[in-house]
Amino acid sequence: MRKTLEPSLSTASFEMKYSAMPLPLFEKAWGQCISLWLEQWQLKNSAGIALSSPVWRWPDGATLQNQIKLQMMTNLTGTAHVHTELSVVAGEVISSASLRSARLQMPPSWQPLMVLNYKPSQQWSPSSEKTVVLKF
């Protein structure tokens, strides 16, 4: 968020400014940040064809602002909060075509980033079956 909205601010200055913002203003800034990110990402299959827009799941503004406050307190006091949860952004794309690989172009401000992808497995459960065996 800092790298997108306020790249010239230090991390400490960003945390101070955004943790003290009234929640409606913070949520407005968070919405602007998400809009910018959605303009910058692209996902294409191995043939270079754009895949449909994912269904995104973003942390809500109040949760994110609270995480920024906790991080700021940690930085000020020099203590670690081992119970601080990470913010997770998830995008889910469903494709009717078989995918072996895809190319993801992310906003530059997302770097560095850990990307987790998975290939789910599907199976039909006939109506005569009362138990389904799930395989991982």
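Structure report, in brief. Keep in mind it's a predicted model, so treat the numbers as computed, not measured. (Residues numbered from 1 in each chain as written. Predicted model: local features only at pLDDT ≥ 70, side-chain atom pairs only at ≥ 80, totals over all residues. Heavy atoms only, no water.)

Turning our eyes to something else, we now look at the overall build of the protein chain. Within the protein chain one finds four helices and four strands. Each helix (α) and strand (β) of the protein chain, taken in turn from the N terminus, gives the series α-α-α-β-β-α-β-β. By the burial criterion, 23% of the 136 residues in the protein chain qualify as buried. Contacts spanning at least 24 positions in sequence make up 69% of the contacts within the protein chain whose residues lie at least 6 apart. Carbon and sulfur atoms provide 57% of the accessible area of the protein chain, an area that totals close to 10,600 Å². (Helix = DSSP H or I, 4+ residues; strand = E, 2+ residues; numbered from the N terminus. Buried < 20%, exposed > 50% of the residue type's maximum accessible area, 1.4 Å probe, protein only. Contact = heavy atoms within 4.5 Å. Areas by Shrake-Rupley, 256 points an atom, 1.4 Å probe, with all protein chains shown as cover.)

Attention now goes to the packing of aromatic side chains. Inspection of every chain in the model, using the stated rule, returns nine aromatic pairs. Plain terms: the ring middles of W41 and W56 are 5.6 Å apart, the flat faces sit at 80 degrees to each other, and that makes the pair edge-to-face. Within this pair, whereas W41 is found in the loop between α3 (23-40) and β1 (42-45), its partner W56 is found in strand β2 (residues 55-57), the two being separated by 15 residues in sequence. On the basis of relative accessible area, W41 is assigned to the buried category, the value being 12%. By the ring-pair criterion, three or more aromatic residues cluster together here, those being W30, W37, W41, W56, W58 and W110. (Phe/Tyr/Trp six-rings, centres within 6.5 Å; stacked < 30°, edge-to-face > 60°.)

Before going further, it helps to spend a moment on the packing of α3 against helix α4 (residues 61-77). Running from N to C, α3 and α4 point in directions that differ by 100 degrees, and their axes come no closer than 9 Å. Comparing their axes, α4 and α3 come out roughly perpendicular. Packed against α3, whose contacting residues are L23, F26, E27 and W30, the element α4 presents G61, A62, L64, Q65 and I68 at the interface. The class makeup of the residues in the contact of α3 with α4 is six nonpolar, two polar and one charged. (Axes fitted to C-alpha atoms, helices over the stretch in contact; angles between N-to-C directions. Parallel < 35°, antiparallel > 145°, perpendicular 65-115°, else oblique. Nonpolar A, V, L, I, M, F, W, Y, C, P; charged D, E, K, R; others polar.)

Note that soluble globular proteins tend to have their nonpolar side chains buried in a common cluster. Core analysis: the largest hydrophobic core is formed by 13 residues, its most contacted members being M1, Y18, F26, W30, W37 and L64. Only α2 (11-20), α3 and α4 provide two or more residues apiece to this core. Counting residues per element, this core draws most heavily on α3, at six residues. Non-local contacts of Y18, meaning those with residues more than four positions away in its chain, are made with M1, L5, E6, F26, A29 and Q65. (Core = buried A, V, L, I, M, F, W, Y, C linked by side-chain atoms within 4.5 Å.)

Right, let's talk about the environment of S19 for a bit. Along the chain, S19 falls in helix α2. Separated by 52 residues in the primary sequence, S19 and Q71 place their C-alpha atoms 9.6 Å from one another. Ignoring any residue separated from it by four or fewer positions in sequence, one finds S19 in contact with F14, Q65, I68, K69 and M72. At 2.6 Å, the side chain of S19 and the backbone oxygen of E15 are in polar contact. Engagement of the side chain of S19 in a polar contact is seen with the backbone oxygen of M16, the distance being 3.4 Å. (Polar contact = N/O pair within 3.5 Å; in protein donor to acceptor, adjacent residues only side chain to side chain.)

Bringing α2 into the picture now. The periodicity of an α-helix, 3.6 residues per turn, causes residues three or four places apart in sequence to face the same way. Within α2, burial applies to F14, E15, Y18 and S19. The buried residues of α2 occupy one face: seen down the axis, they fall within an arc of 110 degrees. Elements in contact with the buried residues of α2: α1 (2-5), α3 and α4. (Arc of directions from axis to C-beta.)

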